[in-house]
Amino acid sequence: ASLNRDVRIIILSLCCLIVQSDFVIKKNCKDVETSQCSIHNVAVDPCPRGPRLCVVKPDKAYSVNVDFTPHFPANNLKLALYSDDKKTNTYDTVIKTPEEVCGLVNCPLETEERKNFDVHFTLGKMSPGKFPIKMAFWNAENQTQQCCFTFNVKIRK
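For the structure given in this document, a descriptive report is provided here. Since this is a predicted model, take the numbers as computed values, not measurements. Numbering of residues starts from 1 in every chain and runs along the sequence as written. With pLDDT at 70 or above as the cut-off, local features in this predicted model cover only qualifying residues; side-chain atom pairs require 80 or more to be listed or tallied, and sums for whole chains, interfaces and linings still use all residues. In computing side-chain values, all of the structure's heavy atoms are included and hydrogens and water are not.

**Focus: the side chain of glutamine 145**
(1) Moving on: Within the element layout of this structure, glutamine 145 appears in strand S9 (residues 142-155).
(2) Moving on: Polar contacts, as counted here, are pairs of nitrogen or oxygen atoms within 3.5 Å of one another; within protein the pair requires one atom able to donate a hydrogen and one able to accept it, and residues that are adjacent in sequence qualify only if both atoms are side-chain atoms. A distance of 2.6 Å separates a polar atom in the side chain of glutamine 145 from a polar atom in the side chain of asparagine 139.
(3) Moving on: The contact rule is simple, with two residues in contact once any of their heavy atoms fall within 4.5 Å. With near-sequence residues (within four places) excluded, glutamine 145 lies in contact with Gln36, Phe72, Pro73, Trp138 and Asn139. Where helices and strands are cited, they refer to DSSP runs of H or I of at least four residues and of E of at least two residues respectively, numbered from the N terminus.

**Thoughts on the packing of aromatic side chains**
(1) Moving on: Each pair of aromatic rings taken from Phe, Tyr and Trp, with Trp reduced to its six-membered ring, is defined by centres within 6.5 Å and is described as stacked if the planes are under 30 degrees apart, edge-to-face if over 60, and tilted in the remaining cases. Within this structure, the stated rule accounts for five aromatic pairs.
(2) Moving on: On the numbers, 5.6 Å between centres and 85° between planes, the contact of phenylalanine 68 with phenylalanine 117 is edge-to-face. Here the residue phenylalanine 68 occupies a position in strand S4 (residues 61-70), and phenylalanine 117 occupies one in strand S7 (residues 115-122), the gap between them amounting to 49 residues.
(3) Moving on: Overall, phenylalanine 68 belongs to the buried group, its relative accessible area being 0%.
(4) Moving on: Judged by centre distance (4.8 Å) and plane angle (75°), the ring pair of phenylalanine 68 and phenylalanine 137 falls under edge-to-face. One end of the pair, phenylalanine 68, is in strand S4; the other, phenylalanine 137, is in strand S8 (residues 129-139), and 69 residues separate them in sequence. In terms of burial, phenylalanine 68 and phenylalanine 137 fall into one category: buried.
(5) Moving on: An aromatic cluster is built from Phe68, Phe117 and Phe137, whose rings are joined through pairwise contacts. Per-residue accessibility, obtained with a 1.4 Å probe over protein chains only, is compared with the maximum for each type, and a residue is labelled buried under 20%, exposed over 50%, and partly exposed between these values.

So, in structure tokens, the structure goes:
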């Protein structure tokens, strides 16, 4: 009986760890060719209510960890973050302007070499509500070679 109880406690603890995961549900960008990149995992920290959406606060620091495999080589990699807080499918609110990310991931980027990096961001003053964030990173010499995904956040007052 004691062994059965211990096994149940271990299984329940493992289930809690799985629920606490900070991986988020990501979607490929509709306007980007998906054959250029494989996004394996996206984790947002902190994101205690993941994986469907992260409840975020304005002016608080967050980080996104991206685990990906590019299907293209690149000497320089650029990255940008946008939001669709107006829900118009335009992603016209800039969170992070395009910047080089070779300091975050070792460049040159090799084809089919799995990589992992963290990007830090802060959302400015935005209206409360749920909306998607789009992260794109691309070969600075050929913008058609890019990785792109979206994930949902919810701003709480």
